Amino acid sequence: MNPEPFLQLDRVIHEKGRLPIMSLLAANPELAFTEMRDLLKMTDGNLSVHLRTLQEAGYVAVTKRFQNRRPLTTCALTPPGREAFRRYVDLLADIVRQAREI
Amino acid sequence: MQPDWAAENLQVIRTLMERSAIYRRALAPMTLLAGGLGTVAAVAGQALRLDAPRPFILYWLGVAVVAAGGAAFLVRRQALRAGETFWSPPARRVARAALPAAAAAAIFTLGVLLAGWRWPGGPGADDTTARLMMPAVWIMLYGLALSAAGFFMPRGIQWLGWIFIAGGGGAWVAAGSGLGFAAAGHWLMGLHFGLLHLAYGCYLLFTEKPGPPL
């Protein structure tokens, strides 16, 4: 098997905690922090740590604002984040395809 | 081992994306179309004095069919433009959630049509009361459908559902208390299916964000 696609996998996305976050954000224009926490059944701290990593990589934009006088934190994929996720999914599909050809 | 985890990861991605994807397609144009139709239909129904039981029901059923056809056309057009399937997983979830209330409304309407409008066995079953109760039940059941479908749609839909339930419930109580008046049916329909839809459509038009291209 050609190991090339595996080596190209983005290590920022290819992590048990961050892949689900990227998947959720890829399916929605933006999501509230609390919605993501509930959907993924993560703790606040765990989600914050992963979001910070994705934010530092430039993949996720975090916005803080007020809604009905309550603080609301929302997250969205940035264009580079969307592109990186698309590449990641394509590489996974390549790996699966190669395995089926063997 | 590699292909196993790769396939598993792809499955995780697909499942999460499907589960979290919210139905957003053509919501603003759909609600504006329904609202415009509802408002015009209420005014026309009132002007044409379609107050007799059977014409009232058949008239509003016709309006509902036209609105549903128009909504399906708008959804299909947007799906074609976006290169997506019409019957997407979020659309299926929304339809499944709204189906019980829609089925109840259909069965209820059929029963009233067969009973000849008069409230079967109910107290004060005169035309005026029934004329208000019929749309009140429609409005409440529509609110229930919206509220159920709202779990898979933007949050505002559930609020809209509750407004319909409250409005229909208020009309129901008013009718039961003998506060109704004969011409209220069309106005009640116009207020809810017309103006409420128009207001929500305008809200969406100015606040909706475009969906992701993935």
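Note that the structure is predicted; figures quoted are calculated from it, not measured. (Residues numbered from 1 in each chain as written. Chains lettered and ligands numbered in written order. Predicted model: local features only at pLDDT ≥ 70, side-chain atom pairs only at ≥ 80, totals over all residues. Heavy atoms only, no water.)

*Asks:* Explanation requested: the overall build of chain A in the structure shown.
*Replies:* Scanning chain A for helices and strands turns up 5 helices and 3 strands. Starting at the N terminus and walking to the C terminus, you meet the elements of chain A as α-α-β-α-α-β-β-α. Counting all 102 residues of chain A, 43% fall into the buried class. The contacts of chain A with a sequence gap of at least 6 include a subset with a gap of at least 24, amounting to 56%. Working note: accessible area of chain A is about 5,800 Å², and carbon and sulfur atoms make up 51% of it. (Helix = DSSP H or I, 4+ residues; strand = E, 2+ residues; numbered from the N terminus. Buried < 20%, exposed > 50% of the residue type's maximum accessible area, 1.4 Å probe, protein only. Contact = heavy atoms within 4.5 Å. Areas by Shrake-Rupley, 256 points an atom, 1.4 Å probe, with all protein chains shown as cover.)

*Asks:* Help me understand the sheet that holds strand 3 (residues 70-77) of chain A in this model?
*Replies:* Paired through backbone hydrogen bonds, the strands of a sheet run either parallel or antiparallel to each other. All names here are of chain A. Strands sit in the order 1-3-2 across an open sheet of 3 strands; the sheet is antiparallel. Of all the strands in the sheet, just strand 1 (31-32) and strand 2 (60-67) have a single pairing partner and so form its edges. With 2 bridges connecting them, strand 1 and strand 3 associate as antiparallel partners. Note that in strand 3 the partner of A32 across the bridge is T74. (Pairing = 2+ DSSP bridges.)

*Asks:* I would appreciate a short explanation of the side chain of T78 of chain A in the present structure.
*Replies:* Relative to the helices and strands, T78 of chain A resides in the loop between strand 3 and helix 5 (79-101). With residues up to four places along the chain from it excluded, the contact list for T78 of chain A reads G58, Y59, V60 and A61 of chain A.

*Asks:* For this particular structure, what's the right way to read the interface of chain A and chain B?
*Replies:* It is common to give the size of an interface as the accessible area that goes away when the parts come together. Listed per partner, the contact involves 26 residues of chain A and 22 residues of chain B. For the pairing of chain A and chain B, the buried interface totals around 2,200 Å² over both sides, and the portion due to carbon and sulfur atoms is 73%. Summed over the three residues of chain A that lose the most area to chain B, namely A27, P29 and L92 of chain A, the buried surface amounts to 21% of that side. When contributions to the side of chain A that touches chain B are tallied by element, the ones reaching two or more residues are helix 2 (18-27), helix 3 (33-40) and helix 5 of chain A. A per-element tally of the side of chain A that touches chain B places helix 5 of chain A first, with 10 residues. Taken together, the residues of the side of chain A that touches chain B break down into 19 nonpolar, 3 polar and 4 charged. (Buried area = accessible area lost by both parts, 1.4 Å probe. Nonpolar A, V, L, I, M, F, W, Y, C, P; charged D, E, K, R; others polar.)

*Asks:* What's the story with the pattern of salt bridges in this structure? I'm lost.
*Replies:* Side chains bearing opposite charge may pair, as long as their charged atoms lie close to each other. Residues and elements named next belong to chain A. Overall, the coordinates contain 5 salt bridges over all chains when judged by the stated rule. Of the charged contacts, one joins D44 and R37 as a salt bridge, the two residues approaching to 3.1 Å between their closest N and O atoms. One salt bridge connects D94 with R97, and the closest N-O pair in it is separated by 2.2 Å. With D94 and R97 both in helix 5 and 3 residues apart, the pair spans about one turn of that helix. Residue D94 is classed as partly exposed on the basis of its relative accessible area of 27%. Residue classification places R97 among the partly exposed positions, given a relative accessible area of 43%. Several salt bridges converge on common partners, so that one network encompasses R37, D38 and D44. (Salt bridge = Lys/Arg side-chain N within 4 Å of Asp/Glu carboxyl O.)

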